[in-house]
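# Commentary on secondary and tertiary structure
The chain contents come next:
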Amino acid sequence: MGKIHVNRNRQNLGEFSPQEVADGLRSGRFLPTDLAWREGMETWQPLATFTDLPAPAEPESADPSVAPGSEIFDPAGSAPPTPPWEEEKPFFSRLFDTILKVLLSPAEAFSNVPDTGNVGRPLLYLILIGWPCTIVSLAYEFIFKAIAPTASAQAAATADVPVVTMTPGMMILLAVFSPLFLVIGAFFSAGLFHLFLMVLGGANRSFWVTFRVVTYVNASTVVFNLFPFCGGFIQVVWGIVSLTIGLREAQKTTTAVALVSALLPILVCCGLGIALVTVGVGALSTLQ
């Protein structure tokens, strides 16, 4: 039997072996009403329904130096919050550890996401990484336009479709206001992902857990924009993988539900974008 995730009052207590859970139920560390989940289950269930747990081990003799009730599990001290950016560590250690874990070990990165509305840290992380990477991406675009200034115009003339090109002034404005756009985008995208999690029955924890996962994934994968040409494609693919694993671990749901919740908002937004472009092109053609 695999590890069992235990949750009490929307607070993640961690993951434990069946023997640890059985012993915890006997000692009072866990309650029969605590919600639990393990791989293969569709939804969280009370621990009282786990009838296949092993017999609890015999309790050790009581330690007279321990006050009665102090042995009850303390969730706040069970494990450090994740990703590492949420911990009290040196700045650069937290920064680089979070990037590496989100990109390379998302299951570990989101194993103990805090369930709180205090989102100052993830937003700071998003701006610290997203802002410079956005500026670099815009610089790449400016350089490419300077090298081949007529390429987009020729493509537009060939396709006979009006193309909106980004002027240097627009790039500067986007660079200046990108922190605001990053924050708005984080709340909007997290809201969409959490909505689909709720529809599919995978939202076992609060919106702020989803917000943290989305914000850390968006910020960490934006570093791929530092690589010209293929960076955007890698960011999308790697982002979907990291987001799926992150939502699964943080919301304690199945891989299938997390994957569908990660893909549907992207497909819906792409569909709406294509529809708007089609309607716009059709309207322009009728005016000509």
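Up top is the structure.
Now for a description of the structure that goes with this document. (Residues numbered from 1 in each chain as written. Predicted model: local features only at pLDDT ≥ 70, side-chain atom pairs only at ≥ 80, totals over all residues. Heavy atoms only, no water.)

## Digging into the sheet that holds strand S4 (residues 45–46)
Strand order in the open sheet made by the four strands is S2-S1-S3-S4, with antiparallel pairing throughout. Lying at the two open borders of the sheet, with one neighbouring strand each, are strand S2 (11–16) and S4. Examined bridge by bridge, strand S1 (residues 4–8) and S2 share five bridges and lie antiparallel to one another. Looking across to S2, one finds that Val6 is bridged to Gly14. (Pairing = 2+ DSSP bridges. Helix = DSSP H or I, 4+ residues; strand = E, 2+ residues; numbered from the N terminus.)

## Section: the side chain of His194
Note on placement: His194 falls in helix H6 (residues 168–199). Among residues more than four places away in sequence, those in contact with His194 are Ala203, Arg205, Ser206, Phe207, Thr210 and Gln251. (Contact = heavy atoms within 4.5 Å.)

## Observations regarding helix H2 (residues 91–104)
Its 14 residues place the ends of H2 20 Å apart at the C-alpha level, agreeing with the 20 Å of an ideal helix rising 1.5 Å per residue. Where H2 is buried, its residues meet helix H3 (106–109), helix H4 (120–147), helix H7 (207–221) and helix H8 (231–251). (Expected span 1.5 Å × (residues − 1).)

## Points about the packing of aromatic side chains
What the rule picks out here adds up to 14 aromatic pairs. Centre to centre, the rings of Phe144 and Phe229 are 5.2 Å apart; their planes meet at 25 degrees, and the pair counts as stacked. Of this pair, Phe144 sits in helix H4 while Phe229 is found in the loop between H7 and H8, placing the two residues 85 residues apart along the sequence. Ring centres of Phe224 and Trp238 lie 5.3 Å apart, and the angle between their planes is 35 degrees; on these two criteria the pair is classed as tilted. One end of the pair, Phe224, is in the loop between H7 and H8; the other, Trp238, is in helix H8, and 14 residues separate them in sequence. Look at Phe224 and you get buried, because its relative accessible area is 11%. The exposure class assigned to Trp238 is partly exposed, which follows from its relative accessible area of 34%. Chaining the aromatic ring pairs together yields one cluster made of Trp85, Phe91, Phe92, Phe96, Tyr125 and Tyr216. Over the aromatic face of Trp85 sits the side chain of Arg94, whose NZ or CZ is 4.3 Å from the ring centroid. (Phe/Tyr/Trp six-rings, centres within 6.5 Å; stacked < 30°, edge-to-face > 60°. Buried < 20%, exposed > 50% of the residue type's maximum accessible area, 1.4 Å probe, protein only. Lys NZ or Arg CZ within 6 Å of the ring centre and 35° of its normal.)

## Section: the pairing of S1
Judged by how many residues are buried, S1 sits mostly within the fold: five of five residues are covered. Of the two faces of S1, the one holding Ile4, Val6 and Arg8 and the one holding His5 and Asn7 are both buried throughout. Following S1, the chain reverses through two residues before pairing antiparallel with S2; Asn9 in that reversal takes a positive phi of roughly 55 degrees. Of the strand pairs in this sheet, S1 and strand S3 (residues 35–37) are connected by three bridges, and their pairing is antiparallel. The residue of S3 that forms the bridge with Asn7 is Leu35.

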